[in-house]
Amino acid sequence: MVYNDVMYNRILKFDSNRSYFLFGPRGTGKTTWIKENFDKAVYIDLLDSRYFNQLIGNSQRLSNFIPPDNKEWIVIDEVQKIPELLDEVHRLIESKNYKFILTGSSARKLKSKGVNLLAGRAVTKMMFPMTSVELGNDFDLNTAIQYGTLPQVINEVNK
């Protein structure tokens, strides 16, 4: 990830044969990381009302956004906004062998609604604020304690 014209590598690896949930607090850089590392993916942002409005009432419409011969990843960003989509994701993993990356800030919100968490079909990964290893020589303990290490904070503090 690039912050203040400095490239930081996030410690996060995905196996190309699995589907994933990527959870983490707001502002950790999930969307930025996904866009940088999966630039060929079909990208569905549920913060975009064009997607949200079409999918909120009928999750089967998800297939309309995926090319029929798709071999790339399918990213659904902010999946907690429409938890019912997970049943359709489950179906598409089973029937079409699609690979999904489902991002969100709240695994708890999904669990509390008792939705399908794709048992055995999607691995859960967490993205946390930047670590000392990721920041390398730019890591400063006092700054981290005082301000934290969210990417946006790193940008502001290092200006």
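The rules behind the values
- Every chain begins its residue count from 1, and numbering advances along the sequence as written.
- Owing to the predicted nature of the model, reporting of local features is limited to residues with pLDDT of at least 70; listing and counting of side-chain atom pairs is limited to 80 or more, with chain, interface and lining totals taken over all residues.
- Side-chain metrics rest on all non-hydrogen atoms present in the structure, leaving aside hydrogens and water.
- Pairing between two strands is assigned when DSSP locates at least 2 bridges connecting them.
- A run of H or I in DSSP becomes a helix once it reaches four residues, and a run of E becomes a strand once it reaches two; helices and strands are each numbered from the N terminus.
- To get an axis, fit a line to the C-alpha atoms, keeping to the stretch in contact for a helix; angles then go from 0 to 180 degrees between the N-to-C directions.
- We call two residues contacting when some pair of their heavy atoms lies within 4.5 Å.
- To pair, rings of Phe, Tyr and Trp, with the six-membered ring standing in for Trp, must have centres within 6.5 Å; the planes then decide the type, stacked if under 30 degrees apart, edge-to-face if over 60, and tilted in the middle.
- Whether a residue is buried, partly exposed or exposed follows from its accessible area with a 1.4 Å probe, protein chains only, as a fraction of its type maximum: under 20%, in between, or over 50%, in that order.
- Whether a charge sits over a ring comes down to the Lys NZ or Arg CZ being within 6 Å of the ring centre and within 35 degrees of the ring normal.
- Handedness rule for crossovers: strands pointing away from the viewer, path from the first strand over the helix to the second running clockwise, crossover right-handed.

Caption draft 1: Local environment of the sheet that holds strand 5 (residues 74-77). One open sheet accounts for five strands, arranged 4-5-6-3-7; its pairing is parallel. The open sheet is flanked by strand 4 (42-45) and strand 7 (122-126), the only strands paired with a single partner. For this sheet, the mean inter-axis angle between neighbouring strands, taken without regard to orientation, is 15°. Bridge analysis of strand 3 (residues 19-23) against strand 6 (residues 100-104) gives four bridges, and the strand direction is parallel. For phenylalanine 23, the partnering residue across the bridge sits in strand 6 and is glycine 104. Running at roughly 160° to strand 6, helix 3 (residues 85-96) makes contact with strand 3, strand 5 and strand 6 of the sheet.

Caption draft 2: Structural detail: the packing of aromatic side chains. For the structure on display, the rule yields nine aromatic pairs. Consider the rings of phenylalanine 14 and tryptophan 73, whose centres lie 6.5 Å apart with planes at 55°: the pair is tilted. Taken together, the residues phenylalanine 14 in the loop between strand 2 (6-7) and strand 3 and tryptophan 73 in the loop between helix 2 (49-56) and strand 5 connect sequence positions 59 residues apart. Each member of the pair phenylalanine 14 and tryptophan 73 is classed as buried. Summarising the aromatic geometry, the rings of tyrosine 20 and tryptophan 73 are spaced 6.2 Å apart at their centres and angled 40° between planes, so their arrangement reads as tilted. Here tryptophan 73 lies in the loop between helix 2 and strand 5 and tyrosine 20 lies in strand 3, a separation of 53 residues in the sequence. Residue tyrosine 20 is classed as buried on the basis of its relative accessible area, which comes to 4%. A network of ring pairs unites the aromatic residues Phe14, Tyr20, Trp33, Phe38 and Trp73 as a single cluster. Sitting over the ring of phenylalanine 52, lysine 81 keeps its end group 5.2 Å from the ring centre. Here lysine 99 stacks its cationic end above the ring of tryptophan 73, 4.8 Å away from the centre of that ring.

Caption draft 3: Up close: the pairing of strand 6. Most of strand 6 is tucked away, with five of its five residues classed as buried. Residues Phe100, Leu102 and Gly104 of strand 6 are buried on one face, and the alternating residues Ile101 and Thr103, pointing to the opposite face, are buried as well. Taken together, the three bridges between strand 5 and strand 6 define a ladder with parallel strand orientation. The residue of strand 6 that forms the bridge with isoleucine 74 is phenylalanine 100. Note on the crossover from strand 5 through helix 3 to strand 6: the handedness is right-handed.

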